[in-house]
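Listed below, chain by chain, are the residues.
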Amino acid sequence: MNKLTSIFIGLAVLVGLFFFLSQPPQGDTSTAAGFDIPTDFYNYDLVFYWGDGCPHCQNVDTWLTNNNKDKKLKILSREIYQDKNNQQELLNLVTKFCPELLKGGGIGVPTSFDPVGQKCIQGDTPIIEFLSEKLKLEIMSLKKKEK
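Predicted model only: the values in this text are computed from it and were never measured.

J.: Got a minute to help me understand the nonpolar core in this structure?
T.: Counting residues in hydrophobic clusters, the biggest one holds 30 residues, and the most contacted among them are F41, L93, F113 and L131. Elements supplying a minimum of two residues to this core: β1 (46-50), α3 (55-67), α4 (84-97), β4 (119-122) and α6 (124-146). With 5 residues, the top contributor of residues to this core is α6. When near neighbours in sequence (up to four residues on either side) are disregarded, F113 contacts I37, F41, L46, V47, L93, F97, Q118, K119 and C120.

Below you can see the structure in the form of structure tokens.
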């Protein structure tokens, strides 16, 4: 009985040790530390991270539909609820460029990334305000070129 108990305890310790060592470290940002902005991001005015069914994300999408019909603004759209790669990409961006968003309890959507300013914009109203200003500047630039 004593030998059987020792084997059982040893086996339990090995299983527990295996489980503990197989878990990724909490708060591991090693991926983000080496993360560089994908070069294709610079072809866009904004990278828009959204979630399917998110009403605030829909507000931004509706604004884009109503105000960017001629596609003056180039938006790269990334859905994160269903796409794990987009989730990881957003986490890497926030960890490297906007770590203050992590302190608030997590990253919510909508969140956008301005590749030129290398900053995050979170929430539908701030994103729409950013896009409105960007659209005004784009229209002014086009009018100057026409002259």
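J.: Would you mind going over the sheet that holds β4 with me for this structure?
T.: Pairing between the strands of a sheet is mediated by backbone hydrogen bonds and can be parallel or antiparallel. The 4 strands are arranged β2-β1-β3-β4 in an open sheet whose pairing can be described as mixed. Sheet topology places β2 (75-79) and β4 at the edges, where each strand pairs with a single neighbour. Mean inter-strand twist for the sheet, computed between neighbouring axes without regard to direction, equals 20 degrees. In terms of strand pairing, β1 meets β2 through 5 bridges, oriented parallel. Looking at β2, one finds that F48 is bridged to S77. Strand contacts of α6: β1, β2, β3 (111-114) and β4, with the helix running at about 120 degrees to β4, the strand carrying the most contacts.

J.: Is there a simple way to explain the confidence of the model for the protein in this structure?
T.: When pLDDT drops low, the exact placement of atoms in the prediction is not to be read closely. Across the protein, the average pLDDT comes to 84, with 82% of residues at 70 or higher. Averaged pLDDT values over the elements of the protein bottom out at 53 in helix α2 (residues 30-33) and peak at 97 in β1. Overall, residues 22-30 carries pLDDT values under 50, and its contacts beyond four positions in sequence, including any with other chains, amount to 1 contact.

J.: Whenever I open this one, the state of the cysteines confuses me. Can you help?
T.: Put plainly, a disulfide is one covalent bond tying together the sulfur atoms of two cysteines. One pass over the full model with this rule turns up 1 disulfide. At a sulfur-sulfur separation of 2.0 Å, the disulfide partner of C98 is C120. Between C98 and C120 the sulfur-sulfur dihedral comes to about 85 degrees; the bridge is accordingly right-handed. Taken together, the residues C98 in the loop between α4 and α5 (100-103) and C120 in strand β4 connect sequence positions 22 residues apart. A relative accessible area of 1% means that C98 is categorised as buried.

J.: Whenever I open this one, the packing of α3 against α6 confuses me. Can you help?
T.: Between two packed helices, what matters for the description is the angle formed by their axes and the separation of those axes. Closest axis-to-axis distance for the α3/α6 pair is 9 Å, and the angle between their directions is 20 degrees. Viewed along their axes, α3 and α6 adopt a mutual orientation that is roughly parallel. Regarding α3 and α6, the two cross each other, and that crossing is right-handed. Side by side, α3 and α6 meet where H56, N59, V60, W63, L64 and N67 of the first sit next to D124, I127, I128, L131, S132 and L135 of the second. Taken together, the residues that form the contact of α3 with α6 break down as 7 nonpolar, 4 polar and 1 charged.

What counts as what
Residues numbered from 1 in each chain as written. Predicted model: local features only at pLDDT ≥ 70, side-chain atom pairs only at ≥ 80, totals over all residues. Heavy atoms only, no water. Core = buried A, V, L, I, M, F, W, Y, C linked by side-chain atoms within 4.5 Å. Buried < 20%, exposed > 50% of the residue type's maximum accessible area, 1.4 Å probe, protein only. Helix = DSSP H or I, 4+ residues; strand = E, 2+ residues; numbered from the N terminus. Contact = heavy atoms within 4.5 Å. Pairing = 2+ DSSP bridges. Axes fitted to C-alpha atoms, helices over the stretch in contact; angles between N-to-C directions. pLDDT = per-residue confidence, 0-100. Disulfide = S-S within 2.5 Å. Parallel < 35°, antiparallel > 145°, perpendicular 65-115°, else oblique. Left-handed = near helix turned anticlockwise from the far one by under 90°. Nonpolar A, V, L, I, M, F, W, Y, C, P; charged D, E, K, R; others polar.

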